[in-house]
Amino acid sequence: MNARLHPPYQWCHQWLQSDIDDNLRNDNGIIDPYEANLPPAGCSLIPSTRSSYQNLLLFPSTSSSQHGDNKEGNNNLDGVTTTNNKLAFCGIAKNGITNWIQLLRFIIGAPDYLSVPYQKHDWKKFQFDSLDEDVQFKILNDESYTFAAFFRDPAERLLSLYLDKINGSDERWKNHFVSRYGLNDTPTFEEFVKMIDRERASCPFNGRNSARLGGIDWCTDEHWAPQTFNCGLSEFLPRFKFIGSLNRIEHQAKQVLQHVGLWESYGRYYHEEKTFIPHSSCVVPPPELKVGDTLSGFQQQQHRMIKKKTARTKDQGTMKFAHHSTQSQSKLDKYYTEELQVIVKRLYANDYKVWNLIKDEEDLVSGSELAMKLSST
C-alpha cells in the first residue's frame with residue numbers, strides 16, 4: 001500500500017497548514033491533493049470532501065457483569081466470554097454498513113433500530129470522525145479498542161453498487177446519479193466501469209459533470225472507492241485485530257461481537273424480519289415478538305436465508321457470491337466481460353491483495369498477519 005499515507009490527526013494538519021503555496025489551492029482555498037502531493041483529509045474539516053474515517057464506528061462497551069454465560073460453547077477467539085474490549089468497527093460502503101449501524105442503534109436503545117439509519121442522529125456521536133483530533137489520537141493508540149472490518153469480493157461489490165444505486169429499481173437513486181454527474185442517461189455497466197477507469201490529474205470537488213466519475217483515487221465516491229481506502233486500512237493495517245469476509249458473515253460477525261462482549265448482551269437478542277426494504281423516510285417499528293419466538297441474532301437469519309437460496313446453484317459456474325439483496329452473484333457472468341474483469345482487477349488491485357488472503361478463511365484474520373503476508377509478496 002502507499003507508504004506516504006498518514007493517520008487523520010496528521011492529515012488534518014497537513015491540509016490546513018497555512019504555509020502551503022497558494023498556487024496549490026483552488027478558488028475556494030481548498031488544496032488539490034494531486035498538486036500538493038498529499039493524501040485526502042482524514043477528517044471532515046475540509047469542505048466538499050469526505051473523510052476516510054467517516055464510517056469508523058465506536059461501539060459502546062458493556063461491563064463484565066452484563067454478559068451472560070456462554071451456553072453455546074467456547075466460540076470466543078480469546079477463550080473468554082467476558083471482556084473490557086471496545087469495538088471500533090470500520091463500516092465500508094456496500095459491505096453491509098447499514099446492518100452494523102442498525103446494531104449500534106439497537107445497542108443504544110433506539111426502538112426503530114430497523115429503520116434506514118442515515119437520517120437519524122442518535123448514532124452519529126459514535127462516529128470516530130466527529131471527535132477532536134487529540135481524542136482520535138488516543139483511540140488509535142488505545143489497545144482496549146478492537147478494530148475490525150469486513151471485506152467483499154471487489155467485482156461483486158462494484159456490480160452490487162451498480163445494480164443498487166445506479167441502475168436499480170428505485171428511480172430516485174437512478175435520477176440522483178444521472179443528475180449528480182451530469183449524464184444524459186443511466187450508463188450501462190460497461191460504460192460505468194470505463195468511466196471510472198479514466199485517469200485524472202485533479203479532484204473536481206464541485207459541479208455536476210462526468211469528470212467527477214473518472215479515477216479510482218482518494219477523491220472517488222465512497223460507494224466505489226477501494227475498500228482499503230477506509231478507516232486507515234492502507235496506513236496501519238496491523239492496527240486491525242480482525243479482518244473478515246462477507247462470505248463468512250454469520251460466523252465471523254458473531255466472533256467479533258463475542259470478543260468485545262456484545263454478543264451475549266446484545267447480538268444474540270437482535271431480531272429482524274426483513275419483509276420489505278424501507279425507504280429512508282420510513283420509520284420501522286421494532287419486531288412484534290411473542291413468547292416462544294426464536295430470535296434471529298445479528299447477521300444470523302439473513303445468512304441462513306441466503307444459504308437456502310444459493311444452495312441449489314453451489315456448483316454452477318466458477319464465480320459465486322453469498323451476500324446482498326441485489327443477488328449480484330447470479331448476475332456476474334451476465335455483466336462482466338473478460339475485458340471488464342481485467343479492468344476491475346487492475347483498479348482494485350490492493351483490495352484483491354487482501355481479499356485473496358481472506359476469502360477462503362473460515363475464521364477472522366488479524367491485520368498483523370495480513371500485513372506480514374503482503375510485505376512478503
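Conventions we followed
- Numbers given for residues are sequential positions, taken from 1 along each chain in its written order.
- Since the coordinates come from a predicted model, pLDDT governs what is reported: local features require at least 70, and pairs of side-chain atoms require 80 or more to be given and counted, while whole-chain, interface and lining totals use all residues.
- Side-chain calculation: all heavy atoms of the structure are included, whereas hydrogens and water are not.
- A run of H or I in DSSP counts as a helix once it spans at least four residues, and a run of E counts as a strand once it spans at least two, with each numbered from the N terminus.
- Working definition: with a 1.4 Å probe on protein chains only, accessible area under 20% of the residue-type maximum means buried, over 50% means exposed, and in between means partly exposed.
- Residue contacts are defined here by distance: any two heavy atoms, one from each residue, within 4.5 Å place the two residues in contact.
- Only the protein chains shown count as cover for residues, and all accessible areas are computed by the Shrake-Rupley method using a 1.4 Å probe.
- Axis lines are fitted through C-alpha atoms, for helices just across the contact stretch, and the angle between N-to-C directions can take any value from 0 to 180 degrees.
- In what follows, roughly perpendicular refers to angles from 65 to 115 degrees, roughly parallel to angles under 35, roughly antiparallel to angles over 145, and oblique to any angle outside these ranges.
- When residue character is reported, Ala, Val, Leu, Ile, Met, Phe, Trp, Tyr, Cys and Pro are called nonpolar, Asp, Glu, Lys and Arg charged, and the others, Gly included, polar.
- Throughout this description, a polar contact denotes any pair of N or O atoms lying within 3.5 Å of each other; where both atoms belong to protein, one of them has to be capable of donating a hydrogen while the other can accept it, and for residues adjacent in sequence the pair is counted only when both atoms sit in side chains.
- Between the rings of Phe, Tyr and Trp (Trp by its six-membered ring), a pair exists once the centres lie within 6.5 Å; its type follows the angle of the planes, with under 30 degrees stacked, over 60 edge-to-face, and the other angles tilted.
- Salt bridge, as used here, is a side-chain nitrogen of Lys or Arg placed within 4 Å of a carboxyl oxygen of Asp or Glu.
- Paired strands are those between which DSSP finds at least two bridges.

### Regarding the overall build of the protein
Consideration 1: A tally of regular secondary structure across the protein gives 13 helices and 4 strands.
Consideration 2: Taken over 377 residues, the protein has a buried fraction of 51%.
Consideration 3: A sequence separation of at least 24 residues applies to 73% of the contacts in the protein between residues at least 6 apart.
Consideration 4: Carbon and sulfur atoms make up 48% of the accessible area of the protein, which amounts to about 18,100 Å² in all.

### A closer look at the packing of helix H5 (residues 154–166) against helix H6 (residues 171–180)
Consideration 1: Where H5 meets H6, the axes come as close as 7 Å, and the angle between the chain directions of the two elements is 105°. In terms of orientation, H5 lies roughly perpendicular with respect to H6. Across the interface between the two elements, Asp164, Lys165 and Ile166 from H5 touch Trp173, Lys174 and Phe177 from H6.
Consideration 2: In the contact of H5 with H6, the residues fall into 3 nonpolar, no polar and 3 charged.

### Notes on the environment of Tyr181
Consideration 1: With respect to the helices, strands and loops of the structure, Tyr181 is situated in the loop between H6 and helix H7 (189–196).
Consideration 2: Taking the relative accessible area as the measure of exposure, Tyr181 reaches 3% and is therefore buried.
Consideration 3: For Tyr181, the residues in contact, after removing those within four places along its chain, are Arg208, Asn209, Ser210, Arg212, Leu213, Asp221 and Trp224.
Consideration 4: Polar contacts involving the side chain of Tyr181 include one to the side chain of Asp221, which spans 3.3 Å.

### Quick word on the packing of aromatic side chains
Consideration 1: Under the defined criterion, the tally for this structure stands at 21 aromatic pairs.
Consideration 2: On the numbers, 5.5 Å between centres and 80° between planes, the contact of Phe147 with Phe240 is edge-to-face. Residue Phe147 is found in strand E3 (residues 145–151), and its partner Phe240 is found in strand E4 (residues 240–245); the two are separated by 93 residues along the sequence. There is no split in this pair, since Phe147 and Phe240 are both buried.
Consideration 3: For the pair Phe189 and Tyr335, a centre-to-centre distance of 6.0 Å together with 85° between the ring planes defines the contact as edge-to-face. Of the two residues, Phe189 is situated in helix H7 and Tyr335 in helix H10 (residues 332–335); the sequence distance between them amounts to 146 residues.

### Considerations on the pattern of salt bridges
Consideration 1: Tallied over the entire structure, the rule returns 16 salt bridges.
Consideration 2: Residues Lys165 and Asp164 are paired through a salt bridge, measuring 3.7 Å at the closest nitrogen-oxygen approach.
Consideration 3: We classify Lys165 as buried; its relative accessible area is 19%.
Consideration 4: One connected set of salt bridges, linked through shared partners, spans Arg105, Asp112, Lys120 and Asp122.

### Here we look at the sheet that holds strand E2 (residues 86–90)
Consideration 1: Spatially, the 4 strands line up as an open sheet ordered E1-E2-E3-E4, and their pairing is mixed. A single partner strand is all that each edge strand has here, and the edge strands are strand E1 (56–58) and E4. Taken pair by pair, the neighbouring strands of this sheet meet at an average axis angle of 25°, ignoring direction.
Consideration 2: Taken together, the 5 bridges between E2 and E3 define a ladder with parallel strand orientation. Its bridge partner being in E3, Cys90 is matched across the sheet by Ala149.
Consideration 3: Here helix H12 (residues 349–358) sits on the sheet and contacts E3 and E4; the angle it forms with E4, its principal contact strand, is near 80°.

### As for the pairing of E4
Consideration 1: The buried count for E4 comes to 5 of 6 residues, which makes it a mostly enclosed element.
Consideration 2: When E3 meets E4, the two strands line up parallel, connected through 5 bridges. Bridge pairing links Ala149 to Ile243 in E4.

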